[in-house]
Amino acid sequence: MKTAPPIRVIDSHTAGEPTRTVIEGFPDLLGGEVSGQRRVLQERFDAYRSATLNEPRGHDVLVGALLCPSPRSDCLTGVIFFNNTGYLGMCGHGLIGVVATLRHLGRLEPGRCRIDTPVGVVEATLEADGRVALTNVEAYRAARDVVVDVPGHGPVRGDVAWGGNWFFLVRDHGEVLDLSRVARLSDLTQRIRAAVNAQGYPDVDHVELFGPPGSPENHSRNFVMCPGGAYDRSPCGTGTSAKLACLAADGALDEGVVWRQEGILGTHFEAWYRWADRTRGTIHPHLSGRAFIMAEAVLWQEVDDPFAWGIRAEAEAVEPR
């Protein structure tokens, strides 16, 4: 016997970071604005998120993307992003994965489309070779040169910026950004996040370290700690958007000039920006990358399975309401 209808998913990865797109099997979220649908999912049906992404079916690195209806007639679909511990505003690598999934399903041909997210509409262009170019939601820097004291490390200086999620971006950290040092970098960035939150920026849930690139073709390498304790395998689309906002604010990158952002795996996104409002310091970030389809699956939940709704912390809801 099954406890719920099967959940159909398609897995992809973008520059090494996985996305699990939910095609069907989640409950009706009552329509309306995508932000409202996300609230219904979070408040009433959060166990579906856990069942889809948490162990034993998933793992901490997975990002979920639920296709949902959009009330906007000019949008192909809505999408709600979530991870092992909660919900995201936008997700750059995830949206590229969604576009690749829609192409795989035969719902999208090369060309331009608009996709509705809880934080705004994103424009995507699918190229014939499978690459995807995005125009993200507006990005901006909220605070410059914020200094926080990190226990066990000392003072760290960085910028607070919005790129579809909230980031603390750090240039001078004294660390080598190499895959062999992931455990050390993960520990440090989680301590930085706690210090930033305690110092008056409770919405910051991503920390992004920058350093020299591994390839001379790229401009920078980053290491991004995501909510939930997993690091981003890709160069992070919303993090790259936040970086562009800081570069624009500092006059360090001209409008329309390509910035090649390298991630911890050596993969990269190409990015550039246009000013949305110079007075307010807001930009329209543009970035491009490629996603690859990895698997199609149907997730089942047997009635006597103690982990039918995933392995969760005690504070999480046990059953959907």
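Details of the structure are given in the entry above.
Q: Could you clarify how one ought to interpret the overall build of the chain in this entry?
A: Summing up its helical and strand segments, the chain has five helices and 15 strands in all. In the chain, which comprises 321 residues, the share counted as buried stands at 55%. Sequence-distant contacts in the chain: of pairs separated by 6 or more residues, those separated by 24 or more amount to 62%. For the chain, the exposed area adds up to about 13400 Å²; of that, 48% sits on carbon and sulfur atoms.

Q: Just to check I follow, could you spell out the pattern of salt bridges for this structure?
A: In a structure, side chains of opposite charge can pair up when their charged atoms sit close to one another. Overall, the coordinates contain 22 salt bridges when judged by the stated rule. For D74, the salt bridge goes to R114, with nearest N and O atoms at 2.9 Å. Of this pair, D74 sits in the loop between β3 (63-68) and β4 (77-82) while R114 sits in strand β5 (residues 111-117), and the two are 40 residues apart along the sequence. Ionic pairing is found between E138 and R280, a salt bridge with its closest N-O pair at 3.4 Å.

Q: Would you explain the packing of aromatic side chains in this entry?
A: Working definition: an aromatic ring pair is given by the centre-to-centre distance plus the angle between the planes. As enumerated under the stated definition, the model contains nine aromatic pairs in all. Members of the aromatic cluster, connected to one another through ring pairs, are F26, F45, Y48, F82, Y87 and W309. Between the NZ or CZ atom of R233 and the centre of the ring of Y231, over which it lies, the distance is 3.7 Å. The ring of F210 has K243 sitting right over it, with the charged end atom 4.1 Å from the ring centre.

Q: For this particular structure, what's the right way to read the pairing of β4?
A: In regular strands, side chains alternate between the two faces of the sheet. Where burial is concerned, most of β4 is hidden: six out of the six residues are buried. Side chains T77, V79 and F81 project from β4 onto one buried face, and the interleaved G78, I80 and F82 project onto a second face that is buried too. In this sheet, β4 lies alongside β3 in antiparallel orientation, the contact comprising five bridges. Following the sheet pairing, G64 is matched in β4 by F82. Examined bridge by bridge, β4 and β5 share two bridges and lie parallel to one another. The residue bridging G78 from the neighbouring strand is D116, located in β5. The parallel pair β4 and β5 is bridged by helix α3 (residues 92-104), and the resulting crossover is right-handed.

Q: Could you clarify how one ought to interpret the nonpolar core in this entry?
A: Soluble, globular proteins show a tendency: their nonpolar side chains are buried together. Judged by nonpolar contacts, the single largest core of 64 residues is most densely connected at F81, L95, F168, I192, L209 and F223. When near neighbours in sequence (up to four residues on either side) are disregarded, I192 contacts V150, V156, F168, V207 and L209. In this structure, L29, F45, Y48 and L66 belong to the second largest nonpolar core, which totals 23 residues.

Q: Just to check I follow, could you spell out the environment of A245 for this structure?
A: Tracing the backbone through its elements, the reader meets A245 in helix α5 (residues 237-250). Counting along the chain gives 120 residues from A245 to T125, while the straight-line C-alpha distance between them is 22 Å. Apart from the residues within four sequence positions on either side, A245 is in contact with A139, Y140, R141 and I283.

Q: I'm lost on unusual backbone geometry in this one. Help?
A: The bulk of non-glycine residues show a negative phi, and the bulk of peptide bonds are trans. Cis geometry marks the peptide bond from E55 to P56, where omega comes out at 10°. Tracing the backbone through its elements, the reader meets P56 in the loop between α2 (46-53) and β3.

Q: Would you take a moment to explain the environment of A65 for this structure?
A: Of note, A65 is situated in strand β3. The exposure class assigned to A65 is buried, which follows from its relative accessible area of 0%. Here the alpha-carbon distance between A65 and T19, two residues 46 residues apart in the chain, equals 6.9 Å. Among residues more than four places away in sequence, those in contact with A65 are T19, R20, T21, V22, V79, I80, F81, F82 and V98.

Criteria and thresholds
Residues numbered from 1 in each chain as written. Predicted model: local features only at pLDDT ≥ 70, side-chain atom pairs only at ≥ 80, totals over all residues. Heavy atoms only, no water. Helix = DSSP H or I, 4+ residues; strand = E, 2+ residues; numbered from the N terminus. Buried < 20%, exposed > 50% of the residue type's maximum accessible area, 1.4 Å probe, protein only. Contact = heavy atoms within 4.5 Å. Areas by Shrake-Rupley, 256 points an atom, 1.4 Å probe, with all protein chains shown as cover. Salt bridge = Lys/Arg side-chain N within 4 Å of Asp/Glu carboxyl O. Phe/Tyr/Trp six-rings, centres within 6.5 Å; stacked < 30°, edge-to-face > 60°. Lys NZ or Arg CZ within 6 Å of the ring centre and 35° of its normal. Pairing = 2+ DSSP bridges. Right-handed = clockwise from strand over helix to strand, strands pointing away. Core = buried A, V, L, I, M, F, W, Y, C linked by side-chain atoms within 4.5 Å.

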